[in-house]
Amino acid sequence: MRGGVCGATVLIAALSFALSSLALAQDSRESVEADVSTRRIAIESDFSGVRILLFGAVENSTQTAPEDGLYDLAIVIEGPREELIVRRKSKVAGIWVNTEANPYKAVPSYYAIISTRPVDEIARPQLLKWLGIGFDQIKLLAVGKFEEGEEKNFRESIIRIKETQGLYRKAEHGVAFIGSSLFRATIDLPANVSVGEFSARVHLFRNGAYLNSYNTQLNLQREGFERLVYTFAFEYPFFYGVAAVILAVLAGLAATAIFKRD
Amino acid sequence: MQIYLPIAELSVNAFVILGMGGAVGFLSGMFGVGGGFLMTPLLIFSGIPSSVAVATEANQIVASSVSGAVAQWQRNNVDIKLGTVLLIGGIAGAILGVQIVKVLRELGQVDLIIALSYVTFLGTIGTLMLIESLNAIRKSRAGEPVAARKSGQHNWIHGLPFKMRFKRSKLYISAIPPLLLGAFVGLLAAIMGVGGGFVMVPAMIYLLRVPTNVVVGTSLFQIVFVTAVTTILHATQNQTVDAVLAMMLMVGGVIGAQFGVRVGQRLRGEQLRALLAILVLGVCARLAYNLVAMPGELYSIGPAFGGH
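Summarised in this report is the structure supplied together with it. (Residues numbered from 1 in each chain as written. Chains lettered and ligands numbered in written order. Predicted model: local features only at pLDDT ≥ 70, side-chain atom pairs only at ≥ 80, totals over all residues. Heavy atoms only, no water.)

All right, on to the overall build of chain B then. Within chain B one finds 10 helices and five strands. Here the C-alpha atoms of chain B give a radius of gyration of 20 Å, agreeing with the 19 Å that 2.2 N^0.38 yields for 308 residues. With respect to the three principal axes, the spread of C-alpha positions in chain B is 55 × 45 × 40 Å. Every one of the 308 residues in chain B was classed for burial, and the buried ones make up 52%. Considering only intrachain contacts with a sequence separation of at least 6, the fraction spanning at least 24 residues in chain B is 77%. Carbon together with sulfur atoms contributes 66% to the accessible area of chain B, which is approximately 13600 Å² in total. (Helix = DSSP H or I, 4+ residues; strand = E, 2+ residues; numbered from the N terminus. Rg over C-alpha atoms; globule rule 2.2 N^0.38 Å. Buried < 20%, exposed > 50% of the residue type's maximum accessible area, 1.4 Å probe, protein only. Contact = heavy atoms within 4.5 Å. Areas by Shrake-Rupley, 256 points an atom, 1.4 Å probe, with all protein chains shown as cover.)

We now examine the overall build of chain A. Scanning chain A from N- to C-terminus turns up seven helices and 13 strands. By residue count, 40% of the 262 residues in chain A fall in the buried class. In chain A, the proportion of contacts linking residues at least 24 apart, taken out of those at least 6 apart, comes to 70%. Surface accessibility of chain A: about 14100 Å² in total, with carbon and sulfur atoms responsible for 56%.

Looking now at the interface of chain B and chain A. On the chain A side, the residues contacting the 51 residues of chain B number 54 residues. Interface area, chain B with chain A, both sides summed: about 4300 Å², of which 67% is carbon and sulfur. Area buried by chain B at its contact with chain A is led by Y4, Y299 and I301 of chain B, which between them contribute 19% of it. Joining chain B to chain A, the criterion identifies one salt bridge. Salt-bridge contacts for R160 of chain A lead to E297 of chain B; the nearest nitrogen and oxygen are separated by 2.8 Å. Linking chain B with chain A are 12 residue pairs in polar contact (both at pLDDT 80 or more), by the criterion used here. It is helix α9 (residues 243-266) of chain B that contributes the most residues to the side of chain B that touches chain A, eight residues altogether. When its residues are assigned to classes, the side of chain B that touches chain A shows 33 nonpolar, 12 polar and six charged. Alignment of strand β5 (residues 81-92) of chain A against strand β5 (residues 299-303) of chain B, held across five bridges, turns out to be antiparallel. For L84 of chain A, the partnering residue across the bridge sits in β5 of chain B and is P303 of chain B. (Buried area = accessible area lost by both parts, 1.4 Å probe. Salt bridge = Lys/Arg side-chain N within 4 Å of Asp/Glu carboxyl O. Polar contact = N/O pair within 3.5 Å; in protein donor to acceptor, adjacent residues only side chain to side chain. Nonpolar A, V, L, I, M, F, W, Y, C, P; charged D, E, K, R; others polar. Pairing = 2+ DSSP bridges.)

Okay, the sheet that holds strand β1 (residues 31-36) of chain A next. Residues and elements named next belong to chain A. Spatially, β1-β3-β11-β10 is the arrangement adopted by the four strands of the open sheet, whose pairing is antiparallel. What marks the edges here is a single partner per strand, and that holds for β1 and β10 (175-177). For this sheet, the mean inter-axis angle between neighbouring strands, taken without regard to orientation, is 25°. (Axes fitted to C-alpha atoms, helices over the stretch in contact; angles between N-to-C directions.)

Residue and element names in this part refer to chain A. As for its position among the elements, T116 is in the loop between β7 (111-115) and α3 (119-122). Owing to a relative accessible area of 16%, T116 belongs among the buried residues under this scheme. If sequence neighbours within four positions are ignored, T116 has contacts with D72, L73, I122, E172, H173, V175 and F177.

All names here are of chain A. Tallied over the full model, the rule gives 12 salt bridges over all chains. The partner of E82 in a salt bridge is K162, and the shortest N-O contact between them spans 3.0 Å. Note that E82 is positioned in strand β5 and K162 in helix α5 (residues 150-164), a separation of 80 residues in sequence. Here K162 falls in the buried class, since its relative accessible area comes to 3%.

Residue and element names in this part refer to chain B. Positioned with a positive phi, N76 is a non-glycine residue whose angle comes to about 60°. Although it is not a glycine, R209 adopts a positive phi angle of roughly 60°. With respect to the element layout, R209 can be found in the loop between α7 (197-207) and α8 (212-237).

This part is about the packing of helix α2 (residues 36-45) of chain B against helix α10 (residues 269-292) of chain B. Residue and element names in this part refer to chain B. Two elements in contact, α2 and α10, have axes separated by 11 Å at closest approach and are oriented at 35°. When the axes of α2 and α10 are compared, the crossing they make is left-handed. Residues F37, L38, P41 and F45 of α2 form the contact with α10, whose participating residues are L276, L279, V280, V283, R286, L287 and N290. When grouped by side-chain class, the residues that make up the contact of α2 with α10 number nine nonpolar, one polar and one charged. (Left-handed = near helix turned anticlockwise from the far one by under 90°.)

On to the sheet that holds strand β8 (residues 141-142) of chain A, then. Within a sheet, adjacent strands bond to each other through the backbone by hydrogen bonds, running parallel or antiparallel. Taken together, four strands build an open sheet; the order of strands is β8(A)-β6(A)-β5(A)-β5(B) and the sheet is antiparallel. Looking at which strands have only one partner, the edges of the open sheet turn out to be β8 of chain A together with β5 of chain B.

In total, this model carries 16 aromatic pairs over all chains according to the counting rule given. Put simply, the rings of F37, F121, F184 and F198 of chain B pair up and form one aromatic cluster. Over the ring of F135 of chain A we find K170 of chain A, and its NZ or CZ is 4.8 Å from the ring centre. The lysine or arginine in question, K81 of chain B, covers the ring of F166 of chain B, its NZ or CZ lying 5.8 Å from the ring centre. (Phe/Tyr/Trp six-rings, centres within 6.5 Å; stacked < 30°, edge-to-face > 60°. Lys NZ or Arg CZ within 6 Å of the ring centre and 35° of its normal.)

With 24 residues, α9 of chain B should reach 34 Å at 1.5 Å per residue; the first-to-last C-alpha distance of 35 Å fits that figure. Where α9 of chain B begins, one side-chain oxygen reaches toward the backbone nitrogen of V244 of chain B, 3.2 Å away; that side chain belongs to D242 of chain B. (Expected span 1.5 Å × (residues − 1).)

Below is the structure:
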């Protein structure tokens, strides 16, 4: 295997010598592969967020040491999409009331950019836009109509609120090379994260030029007691309510029995 | 220790929640009140969504009032017939209240209405209690006897139709006032997450003229069932009952109440009421401030409804 790859590289190198520089860039260019440490993550009752390791390698790396900084990586993690309603308060008769509401479709519940350095240093804005890297590139589909100039405010508010909730995040030095080709990144998922399919897109750059991307998935699920309560509450709401009442009655009676002995 | 609340969808410190349950339990034991009107605002202040706070608190009140109800039952202090009439009204009120919460949630106004209801109720009751207890303190200092209310007088309630005989309460009154009173308290339970004893008890004494020895028992009887029905209705209509949160509040609450009762027995009635009035007005002021003060973030995001 190894010999085969080496042979092919030599052959391509020899060929490209004779060909144009464009061909050289295309044929011997580096590519990236990656995976996550856990594909299925469980949210349990002691869940207070989780850190996942993303690791990968740059194939055909010409870097000799991690300090070379020849390559840049920008990883975009997107959580399951959800419908949202964004509301804005204004002052009515002296108190703050929600006066405007706009529904949004398919808003990423989670969006993280993890990169070797700030993304605007990695590549030009057009390229970042084309690859969909950056909070500005998040697709937020508003359903209704806006008053003039309001759409921008609403859009920014989603990003701002999600950022304060820790659901939209940037880690500008979150990817590090370990060897000449091996890299690792950590993905932080806070406790309030939505469950479902997450996608991770790993983009490789060299000197501001885009080389290659790799996509992988991870699945976040509710497990254990937490999952039980949640499923019970949403799938059998009536029985959940009855169970909550029975628990309360038992708790109340148990307390009396315990404290009577004193 | 962090615990993830499955319905509120946030991670909280278990000791903070237990402590809150304990503190409110202590106060409710000390003052002899349910505590829902203190617990719900506290939960909202600590970041629990209003609709979850209300529904979960209704669940907790079941636990905190069931033992009292059983004790009163054993002492034959429950007028079952009157309690049932109040309960029928209460269930109707709870059904209406839960439906109102559902609609308000869709409109995005549930937080506002819950806060406004609290400001109105706490403001009114706190002021009345403060005036009454200060008068009582003043009179007892001046050496005047505290005037007992005249009883046995007939009022407008006796002119209403559909009269029923309530043997245990020695009353022959129309069924309409207890039905309406029950409905009003049921509405409060559903919208505010309170037992409603603070409305029920004075109304039974002064309006229905129920003898004081059956007032507490009958009101507790009604509260247990109305909060139980409210819990089930919120669970089915709004999916807002957080059982994990409720359990923690219950544990903290029952322990706190045991100590509160002991402290309360050493304090004088009118001083106790003045203290409670100040506390109620404090919570009211805090809620009112939140409504009036410019919020740090004008925008809010919430889940879309109708999808599931």
